Amino acid sequence: MNRIEETFKRLKQKKEVALVGFVTAGDPNMSASERIITGMCKSGLDILELGIPFSDPTADGPVIQRSSARALAAGITTAKVLEITCRLRRQTTVPIVLFSYYNPIHAYGVAKFYRDAVDAGADGVLVVDLPPEESEEMTSHKKGHDLPLIRLVAPTTPVERMRYIAASARGFLYMVSKTGVTGSHGLDTGPLKAHMRQLQSCTRLPICVGFGISTTEEITAVAALADGVVIGSAFERMIEENLDDADLGRLLAQRVNACKAATMGVYPERQKTH
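Along each chain, residue indices are assigned from 1 in the same order as the chain's sequence is written. In view of the model being predicted, local features appear only for residues whose pLDDT reaches at least 70, and side-chain atom pairs are presented and counted only at 80 or more, with totals across whole chains, interfaces and linings using the full set of residues. Side-chain numbers come from the whole structure's heavy atoms, not from hydrogens or water.

**Student:** How do you make sense of helix α2 (residues 30-42) when you look at a structure like this?
**Tutor:** Note on helix geometry: an α-helix contains 3.6 residues per turn, so any two residues three or four positions apart are oriented the same way. Only DSSP runs of H or I with at least four residues qualify as helices, and only runs of E with at least two residues qualify as strands; both kinds are numbered from the N terminus onward. The length a helix should cover is 1.5 Å for every residue beyond the first. Taking 1.5 Å of rise per residue, 13 residues should cover 18 Å, and α2 covers 19 Å from first to last C-alpha, within 8% of that figure. Relative accessibility under 20% of the residue-type maximum defines a buried residue, over 50% an exposed one, and the middle range a partly exposed one, all with a 1.4 Å probe and only protein chains included. The complete set of buried residues in α2 reads Met30, Ala32, Ser33, Glu34, Ile36, Ile37, Thr38, Met40 and Cys41. Packing partners of the buried residues in α2 comprise β1 (18-24), β2 (47-51), α4 (78-91), α11 (233-241) and α12 (248-263). Just downstream of α2, Gly44 is the residue with a positive phi angle, here 135°. Contacts between residues were defined by any pair of non-hydrogen atoms, one from each residue, lying within 4.5 Å.

**Student:** I tried to follow the packing of α4 against helix α6 (residues 110-120) on my own but got confused; where do I start?
**Tutor:** To obtain an axis, a line is fitted to C-alpha atoms, over the contacting stretch when the element is a helix, and the angle between two such axes runs from 0 to 180 degrees between their N-to-C directions. It is the contact of α4 with α6, at a shortest axis distance of 8 Å, that shows an interaxial angle of 25°. Put simply, α4 runs roughly parallel to α6. When α4 is examined against α6, the residues Thr78, Leu82, Thr85, Cys86 and Arg89 are found in contact with a partner set consisting of Phe113, Asp116, Ala117 and Ala120. Looking at the contact of α4 with α6, its residues break down into five nonpolar, two polar and two charged. Oblique is the label for every angle not falling under 35 degrees (roughly parallel), over 145 degrees (roughly antiparallel), or within 65 to 115 degrees (roughly perpendicular). All residues other than Ala, Val, Leu, Ile, Met, Phe, Trp, Tyr, Cys, Pro, Asp, Glu, Lys and Arg, Gly among them, are scored as polar; the first ten of these are nonpolar and the last four charged.

**Student:** Would you take a moment to explain helix α10 (residues 216-223) for this structure?
**Tutor:** Residues Glu218, Ile219, Val222 and Ala223 constitute the buried set of α10. Down the axis, α10 shows its buried residues gathered within 130° of arc, on one side only. Arc definition: it is the arc formed by the directions from the helix axis to the C-beta atoms.

**Student:** How should the sheet that holds strand β6 (residues 173-176) be read in this particular structure?
**Tutor:** Within a beta sheet, neighbouring strands are joined by backbone hydrogen bonds and run either parallel or antiparallel to one another. For two strands to count as paired, DSSP must find a minimum of two bridges between them. The sheet built from eight strands closes into a barrel, its strands ordered β1-β2-β3-β4-β5-β6-β7-β8 with parallel pairing. Taken pair by pair, the neighbouring strands of this sheet meet at an average axis angle of 25°, ignoring direction. Direction of pairing for β1 relative to strand β8 (residues 228-231): parallel, over a ladder of four bridges. Bridge pairing links Ala18 to Gly228 in β8.

**Student:** Teacher, can you tell me more about the pattern of salt bridges here?
**Tutor:** The term salt bridge refers to a pairing of a side-chain nitrogen on Lys or Arg with a carboxyl oxygen on Asp or Glu at a separation within 4 Å. All chains considered together, the criterion is met by 16 salt bridges. The partner of Glu16 in a salt bridge is Lys14, with the nearest N and O atoms 3.5 Å apart. The class for Lys14 is partly exposed, based on a relative accessible area of 47%. For Arg87, the salt bridge goes to Glu34, with nearest N and O atoms at 2.7 Å. Residue Arg87 is located in helix α4, and its partner Glu34 is located in helix α2; the two are separated by 53 residues in the primary sequence. Each of Asp27, Arg66, Arg70, Glu236 and Glu240 takes part in a single network of salt bridges with overlapping partners.

In structure tokens:
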């Protein structure tokens, strides 16, 4: 059982929903990024999604696109993200999921990436543009189950496709809350509830929901449906708006604490039957 599985088991026992936080590694620079992320992990993150900056993040909205651009301008590479991962692992037991597009991993070398990510202490990897049919090139380098490949399910995914995706998933499933890119506004929990019920019928894995979730009201609404809530653009927007603020780390820590508080006291119906 790796740290992701242990985290969901512990949270289920406590009747809690996971707060999953995305941050682009190296934004606004390497040292500041590490300080910010460490503070966030200490302030309530249950799982960290650590973004590998990429020049063409087509699934992401402008806020995360600009965060990648800042990190790349600061000289952040895939190798440096793994260095950050290694140092974070010495400071926190929070599970670390590396979030990437396939291009940076392919350029780094798939076998080398797998080996170095495991050695750095990563607990999983989410490759947003790698469908199951094309993922054997990456998964074939695994020696076991020490780096789960987190699978994504879109709101347009039919049930049979959900079953196919879920069959090869480990760690958790990432349910995209709506069509569009990260950071888009206007969350409608009506369709999301229906999609969640379909996916829940296909798997016993935890399901985390992300894309466009930012307010405490949205967090609470999603927490009532899912095993985890993913926040990304809201955190990166705060970084962008406070780049020159010496209190940026404290501001992010406070925001994480507030987001975690918004998940408390909510016990998804699904957990009552599992």
